[in-house]
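If you want the building blocks of each chain, they are given just below.
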Amino acid sequence: MTQEDASLEARLEEQEQFEPPESFVEQANVSDPGVYEEFEENWPECWERAADLLSWDSEYDTVLEDGDAPFYEWFTGGELNASYNCLDRHVEEGAKNRAAIKWEGELGETRTYTYGDLLNEVEAFAATLRDLGVEEDDVVTLYMPMVPELPIAMLACARIGAPHSVVFAGFSADALATRMNSADSEYLVTCDGYYRRGDALDHISKTNEGLEDVDHEVSDVVVVDRLGDALDHSLSANQHDYDDLVDEHAGASVEPVSRDAEDMLFLMYTSGTTGQPKGVKHTTGGYLAYTAWTSQAVLDVKPEDTYWCSADIGWITGHSYIVYGPLALGTTTVMYEGTPDYPEKDRLWEIVEKNRVDIFYTAPTAIRAFMKWGKQYPERYDLSSLRLLGTVGEPINPRAWKWYYQHIGNEDCPVVDTWWQTETGGMMITTLPGINTMKPGSAGPPLPGIGAKVVDANGEEVDAGQAGYVMVDKPWPGMLRTLYQNDDRFITEYWQEYSDEDADEWTYFPEDGAKIDDDGYITILGRVDDVVNVSGHRLGTMEIESAVVGVEGIAEAAVVGGDHEIKGEAVYVYAIPEDGYDAGDELAERAIQGVVDSIGPIAKPEEVIFTPELPKTRSGKIMRRLLEDIASGNELGNTSTLRNPDVVDDIAEQAESN
Ligand code: WTA
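As recorded in an unreviewed UniProt entry, the protein chain goes by the name Acetate--CoA ligase, listed as coming from Natrialba swarupiae. Turning to the protein chain, the UniProt annotation filed under Sequence similarities (unreviewed entry) states: "Belongs to the ATP-dependent AMP-binding enzyme family."

Structure follows, in structure tokens:
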């Protein structure tokens, strides 16, 4: 490090607040601090501002219908189509030749779809789906990697009013089957494979394996050919080649179906406390209005921008901020298929320079990796096109924030640290980049109109500096409407904790711990339920546990998250071997493989620690907090309330020697 670098870094290290650059504020979509008051005073009508970003086939008559809370309805009476809003209207307004999607494959091949092209592709695939028999309200499962056919299929579903359920391609065959079963989904769009670090990965075998466990008849499977000759496979009777079908329907014109604002746009499965994934239901009007509004206000997206969110579309971030929000605003959205370090650790910066990217949105885990790799990689490229940086998915530590601000943003770009969830549909707590001071490590105040607070166990707001829980005491348009076919679980998971049902006062509980400061800035501390956040990916410890105990030779297991330098959290397994099984590498390997088979490589345990016993309270509950501390190498608190305190030392010793 040169002396100049060192002093720059030292200066930033000490600085705790950053003002948005003047040049940014001048051009920001939202720069009037009055916006907070405007929303506050005019609530819920303030949300018309979000709805106004969309084109409605028929106007809504009520902004918020709260008669059956917490089953809220937004923009009731309104009708619209999401694909029309993301495509046709931009073409009609003269943006036919503007790039909608710029895609880059891992091997370097590129494809650009203008709004005109994308509309044609979407219509051809919408016609295809109809021809296969897909009807309005049929759930279509999309088990696809980062290929352009994924957003095309999503928008084609939206066009004909068939909700999609995207299953992250890195999930296992089991995960695919569970989700198709839960949603009774009879149609699947998948892919032969994709590239990872230069290798062709077989995806179709995994798909076929999953299909064997689907408990109802699957009518049709459409297979995108990504790998060509790189993978030798054949299609079975109900499987069709994507290109063949689309060629047949090229030039088709498919009228967008008018959907009720409250009609389901998509389902997205996410992890929670129990082993069964939750099918989060999002709607056409509220969700689209909310993602468009937050893309405009927080990400400062403008139609002439080139915008890049490096998430995977298989997660909510990709749905809201690669596909729906940006396309609703008519901007150019970049999609990259592969990993950031292939062929070299400068791949992302090469893409930023080549596409003159204006806005870049990524996860703290990626930033920690960039930091570890070193600033020489971004320094190779001209990143001066960047205007705004964002992060999402997990807490960002101030050091990583400052590194991002300095080495990617050149101290010229505001950084928005956006807190939200699959269930919230879009961003909830973050600074507005054209208005607020930034404080590294703290997400910021709740967005205008969002009733987020930090409370103690009794629901009382905590004092500045005290730790508590996030809660949201007002509904918002992007909120989940229910868990698919499980209204009861919707109530117990999200509303029971802090609501006063008798008074009909409903409070949403996101299951995150947090602190608040004197300026009302909220710092998120992490999940308070049995969810681990591995590299920004949300995984249920119960799901992982049930995979581990499914392995022959494992009697009992507890799974917890422990601190990890790059991933934020990593998965640690504490397992009791069955009598007659050796607590050795072979069993550990099989336990790890069990998790990979049942969930996917993202859930791969960092370590399996064998123990003859698990630490339990006198009432027999496993003390997970204690195991988390062991995994993270923290000081251990009081263990005297345990039924079996000795076991703790044994486990800690084991963990250290591994
Ligand atoms: C965590 C991802 C701190 C949080 C959009 C939340 C964050 C969970 C942040 C949701 C952030 C997300 N700071 N923590 N900026 N953003 N989280 O459903 O624990 O995959 O509850 O949605 O990620 O994860 P999900």
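Now that the structure is up, let's keep going.
Caption draft 1: The arrangement of the site of the ligand in detail. Within the structure, the ligand sits among 17 residues, and Asp417, Thr418, Thr422, Arg527 and Arg538 are positioned closest to it. At 3.0 Å, a backbone N or O of glycine 393 approaches a nitrogen atom of the ligand. Residue aspartate 417 places a side-chain N or O atom 2.7 Å away from a nitrogen atom belonging to the ligand. Starting from 520 Å² of accessible surface for the ligand in isolation, the protein chains cover 97%. Counting residues per element, the ones that place at least two in the shell around the ligand are α12 (316-328), β20 (415-418) and β24 (522-527). Classifying every residue of the shell around the ligand by side-chain character gives 6 nonpolar, 6 polar and 5 charged.

Caption draft 2: The arrangement of the state of the cysteines in detail. What the rule picks out here adds up to 0 disulfides. No disulfide involves cysteine 309; its sulfur sits 15 Å from the nearest other cysteine sulfur, which is in cysteine 86. Taking the relative accessible area as the measure of exposure, cysteine 309 reaches 2% and is therefore buried.

Caption draft 3: Broad picture of the nonpolar core. Grouped together as the largest cluster of nonpolar side chains are 124 residues, with contacts concentrated most on Trp47, Phe75, Leu118, Phe125, Trp293 and Tyr324. With 10 residues, helix α6 (residues 115-132) is the single largest residue contributor to this core. Val221, Val571, Ile602 and Ala603 belong to the second largest nonpolar core, which has 42 residues in total.

Caption draft 4: Focus on the side chain of serine 632. Locating serine 632 in the fold gives a position in helix α20 (residues 624-632). At 3.0 Å, the side chain of serine 632 forms a polar contact with the backbone nitrogen of aspartate 563. With residues near it in sequence (within four places) discarded, serine 632 still touches Gly561, Gly562 and Asp563.

Caption draft 5: Local environment of the side chain of arginine 347. Within the fold, arginine 347 resides in helix α13 (residues 347-355). Overall, the relative accessible area of 3% leaves arginine 347 in the buried class. A polar contact of 3.0 Å, which involves the side chain of arginine 347, links it to the backbone oxygen of glycine 105. Reaching out from arginine 347, the side chain makes a polar contact with the backbone oxygen of tyrosine 342 at a distance of 3.0 Å. With sequence-adjacent residues up to four places away left out, arginine 347 is seen in contact with Glu104, Gly105, Glu106, Gly108, Tyr336, Thr339, Pro340 and Tyr342.

Caption draft 6: Highlighting the packing of aromatic side chains. A full pass over the atoms with the stated rule returns 33 aromatic pairs. For the pair phenylalanine 71 and phenylalanine 490, a centre-to-centre distance of 5.2 Å together with 45° between the ring planes defines the contact as tilted. Remark: phenylalanine 490 occurs in helix α17 (residues 487-494) and phenylalanine 71 occurs in the loop between β1 (62-65) and β2 (73-76); sequence separation between them is 419 residues. For phenylalanine 490, a relative accessible area of 0% gives the class buried.

Caption draft 7: Region of the structure containing the UniProt feature "domain: Acetyl-coenzyme A synthetase N-terminal" (unreviewed entry) in the protein chain. Those places that UniProt annotates as "domain: Acetyl-coenzyme A synthetase N-terminal" (unreviewed entry) correspond, in this numbering, to residues 35-86. Helix makes up 31% of residues 35-86 and strand 19%. Its end C-alpha atoms lie 26 Å apart.

Caption draft 8: Representation of the UniProt feature "domain: AMP-dependent synthetase/ligase" (unreviewed entry) in the protein chain within the structure. In the numbering used here, UniProt assigns the "domain: AMP-dependent synthetase/ligase" (unreviewed entry) feature to residues 90-476. For residues 90-476, the end-to-end C-alpha separation is 27 Å, with 32% helix and 22% strand making up the annotated structure.

Caption draft 9: Examining the pattern of salt bridges more closely. This model, assessed by the stated rule, comprises 37 salt bridges. Glutamate 149 is the partner of arginine 111 in a salt bridge, and the nearest nitrogen-oxygen pair spans 3.3 Å. Here glutamate 149 lies in helix α7 (residues 149-160) and arginine 111 lies in strand β5 (residues 110-114), a separation of 38 residues in the sequence. Overall, the relative accessible area of 29% leaves arginine 111 in the partly exposed class. Between aspartate 529 and arginine 527 there is a salt bridge, with the nearest N and O atoms lying 2.6 Å from each other. The class for aspartate 529 is buried, based on a relative accessible area of 10%. A network of salt bridges, in which partner residues are shared, links Lys278, Glu423, Arg489, Glu493 and Arg538.

Caption draft 10: How the structure looks around the sheet that holds strand β16 (residues 306-309). Taken together, 7 strands build an open sheet; the order of strands is β5-β4-β17-β16-β18-β19-β20 and the sheet is mixed. Bordering the open sheet on either side are β5 and β20, each of which pairs with just one other strand. Here the strands of the sheet are splayed against their neighbours by 20° on average, with no regard to which way each runs. Pairing geometry for strand β4 (residues 99-104) and strand β17 (residues 332-336), over 4 bridges, is parallel. Among the inter-strand pairings, lysine 102 is bridged to a residue of β17, identified as valine 334.

Caption draft 11: Main features of the environment of glutamate 38. The topology assignment puts glutamate 38 in helix α3 (residues 35-41). For the pair glutamate 38 and proline 448, spaced 410 residues apart in sequence, the C-alpha separation works out to 8.2 Å.

Caption draft 12: Fine view of the pairing of strand β8 (residues 187-191). Counting buried residues in β8 gives 5 out of 5 residues, a clear majority hidden from the surface. Both β8 and strand β11 (residues 220-224) contribute to a ladder of 5 bridges, which runs parallel. From the neighbouring strand, cysteine 191 faces β11, where its bridge partner is valine 224.

Caption draft 13: Region of the structure containing the pairing of strand β25 (residues 531-534). By the alternation rule, side chains of β25 split into Val531 and Asn533 and Val532 and Val534, which are all buried. Judged from the 4 bridges that link them, β25 and strand β26 (residues 537-540) form a sheet pairing that is antiparallel. Residue valine 531 lies in a different strand from β26, and its bridge partner there is glycine 540. Linkage of β25 to β26, two consecutive antiparallel strands, is achieved through a turn of 2 residues, within which serine 535 is found at a positive phi near 50°.

Rules and cut-offs
- Residues numbered from 1 in each chain as written.
- Predicted model: local features only at pLDDT ≥ 70, side-chain atom pairs only at ≥ 80, totals over all residues.
- Heavy atoms only, no water.
- UniProt positions renumbered as here; feature names shortened; annotations may be inferred.
- Near = heavy atom within 4 Å.
- Polar contact = N/O pair within 3.5 Å; in protein donor to acceptor, adjacent residues only side chain to side chain.
- Areas by Shrake-Rupley, 256 points an atom, 1.4 Å probe, with all protein chains shown as cover.
- Helix = DSSP H or I, 4+ residues; strand = E, 2+ residues; numbered from the N terminus.
- Nonpolar A, V, L, I, M, F, W, Y, C, P; charged D, E, K, R; others polar.
- Disulfide = S-S within 2.5 Å.
- Buried < 20%, exposed > 50% of the residue type's maximum accessible area, 1.4 Å probe, protein only.
- Core = buried A, V, L, I, M, F, W, Y, C linked by side-chain atoms within 4.5 Å.
- Contact = heavy atoms within 4.5 Å.
- Phe/Tyr/Trp six-rings, centres within 6.5 Å; stacked < 30°, edge-to-face > 60°.
- Salt bridge = Lys/Arg side-chain N within 4 Å of Asp/Glu carboxyl O.
- Pairing = 2+ DSSP bridges.
- Axes fitted to C-alpha atoms, helices over the stretch in contact; angles between N-to-C directions.

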